[in-house]
Amino acid sequence: MRIGIDVRYLSHGLVGGVHTYIKHLVPALLAAGAEQRFVLYADTKAPFELSDLPANAELRLLPYRGALSSVANDLLMRRAMARDGVEVAHFPANYGFGPAGAATVITLHDAINVMPLREIIAGHAKDPRTIAMMTYLHLMSRAAVRRAAGVLTVSEHARQDILRYCRLDPARIVAIHHAPTPDLRPVSDPDAHEELRARFGLARPFILADGLKNPAVIVRAWRRLPEELRDRYQIVFFARTEPWPAVREAVDAGFARLLLRPSREELITLFSMAEAFVFPSWIEGFGIPLLEAMTCGAPVIASDRGAIPEVAGGAALICDAEDDQTLACLIARVLSDPAEAGRLRALGYARARQFSWRTTAERTLACYREWRRAPGSAAGAGPLASRP
């Protein structure tokens, strides 16, 4: 097969779950599909992140001159794929349009882009630029789903959620899990721990949490802990952007630290040092931080929302995302009982080993082959339809 993949996430200097997915899926596909030919389509906005491409892959760079280039390249890519004769066109960032004669495959990471537009806008800032972007992504995603030969998503929860909003043949939407990234491992070097404590002023052992993932319930739960635990431990929040106000309030109150934009190596060391990773997220299509924490040896406490229970697989303590009383009990249980913490660490290690990018790639290639052979698989044939 000749396979075209939209990899512009790797030439835009982006971060986040979709970026992680594409950055690690693509090399795994190139390795697992050594007998296939791949054409990767990026643009010139930023340096392309993958180097030393194997012999079965070639890179095409589309021009980038400004913000509207992303819109223009949504259309130009289809022409480029047609010239290159791709048989499967994979768009791993929620939407895209392959050429006639190719099987178009979309990875839809969650249902957000295909929800009714009023629901999407209700959950985002109301400034004109954000509304325009959300509207564009909504329209493009729904159009892409209508034209696709098949849709991939990242969890069974996301699959069921997408089916709620779109009239899809259930056989043409497949859930394939992510995996921990290859750089993850427990950091046990005491010198590395001490250096990080000194760098960030971490005088006490800590629980670790994402400052963008419902931190207010963690702060409320912390205030419920016995005084002895609050005196011995602290919260360390990390965030790639300014977090929710509850984080700053906890920092000002003296029982939390905020680390903005820690490096990847710093974050891996923080996971390795944490007494627990607390992840009471409101919604997750997958929840890669769960596997990051488990791989590094942090006991995990998480919410029951989205795909979190599916990914945790019994290797985490689970409670409702807004139940601060139960969350406080679970935090106290892990901090007070070394045997319980050890049990969760062992379960987490075992759970994380069940995921691999090789498996993700092999299952993705199997979908390419199936949808390429399927009757009416060419772009525009419309085997899938979204709900009006």
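About the thresholds
Residues numbered from 1 in each chain as written. Predicted model: local features only at pLDDT ≥ 70, side-chain atom pairs only at ≥ 80, totals over all residues. Heavy atoms only, no water. Helix = DSSP H or I, 4+ residues; strand = E, 2+ residues; numbered from the N terminus. Rg over C-alpha atoms; globule rule 2.2 N^0.38 Å. Contact = heavy atoms within 4.5 Å. Areas by Shrake-Rupley, 256 points an atom, 1.4 Å probe, with all protein chains shown as cover. Salt bridge = Lys/Arg side-chain N within 4 Å of Asp/Glu carboxyl O. Buried < 20%, exposed > 50% of the residue type's maximum accessible area, 1.4 Å probe, protein only. Pairing = 2+ DSSP bridges. Axes fitted to C-alpha atoms, helices over the stretch in contact; angles between N-to-C directions. Core = buried A, V, L, I, M, F, W, Y, C linked by side-chain atoms within 4.5 Å. Right-handed = clockwise from strand over helix to strand, strands pointing away.

Caption draft 1: Broad picture of the overall build of the protein. Tallying secondary structure elements over the protein gives 15 helices and 15 strands in all. The globule rule puts the C-alpha radius of gyration for 388 residues at 21 Å, and the 22 Å found for the protein is close to it. For the C-alpha atoms alone, the extent of the protein along its principal axes is close to 65 × 45 × 40 Å. In the protein, 66% of the contacts between residues at least 6 apart in sequence involve partners at least 24 apart. When the accessible surface of the protein is totalled, it reaches about 16,400 Å², and 54% of it is carbon and sulfur.

Caption draft 2: The pattern of salt bridges, seen in detail. Scanning the model with the defined rule gives 25 salt bridges in all. Here Glu-340 ties to Arg-343 by a salt bridge, and the two come within 2.9 Å at their closest N and O atoms. Linking Glu-340 with Arg-343, this pair stays in helix 14 (residues 338-352), spanning 3 residues, or about one helical turn. Look at Arg-343 and you get partly exposed, because its relative accessible area is 38%. One network of salt bridges, with partners in common, ties together Arg-2, Glu-58, Arg-60 and Asp-84.

Caption draft 3: Representation of the sheet that holds strand 3 (residues 57-62). Ordered in space as 3-2-1-4-5-6-8, the 7 strands form an open sheet in which the pairing is parallel. Strands with a single pairing partner mark the edges of an open sheet, and in this sheet they are strand 3 and strand 8 (173-175). Averaged over all pairs of adjacent strands, the angle between their axes in this sheet comes to 20°, without regard to strand direction. Here strand 4 (residues 88-91) pairs with strand 5 (residues 103-107) via 4 bridges, running parallel. From the neighbouring strand, His-90 faces strand 5, where its bridge partner is Val-105. Against the sheet, helix 5 (residues 156-165) contacts strand 6 (150-153) and strand 8, and its axis sits at roughly 155° relative to strand 8.

Caption draft 4: Spotlight on the nonpolar core. Within the largest apolar cluster, 71 residues are counted, with the highest numbers of intra-cluster contacts made by Ile-5, Val-7 and Leu-208. Among the elements that line this core, the one with the most residues is helix 1 (residues 17-32), at 9 residues. Not counting the four nearest positions on each side in its chain, Ile-5 is found in contact with Val-26, Leu-29, Phe-38, Val-39, Leu-40, Tyr-41, Met-81, His-90, Pro-92 and Tyr-368.

Caption draft 5: Highlighting the pairing of strand 11 (residues 256-260). As defined by bridge partners, strand 10 (residues 234-239) adjoins strand 11 across 5 bridges and the pair is classed as parallel. Within the sheet, the bridge partner assigned to Ile-235 lies in strand 11 and is Ala-256. Each parallel crossover has a hand, and the one from strand 10 via helix 9 (residues 245-253) to strand 11 is right-handed.

Caption draft 6: Helix 7 (residues 215-224), seen in detail. Taken residue by residue, helix 7 has Pro-215, Val-217, Ile-218, Val-219, Ala-221 and Trp-222 as its buried positions. Residues of helix 7 that are buried in the fold lie against strand 9 (206-210), helix 8 (227-232), strand 10, helix 9, strand 12 (276-279) and helix 13 (324-336).

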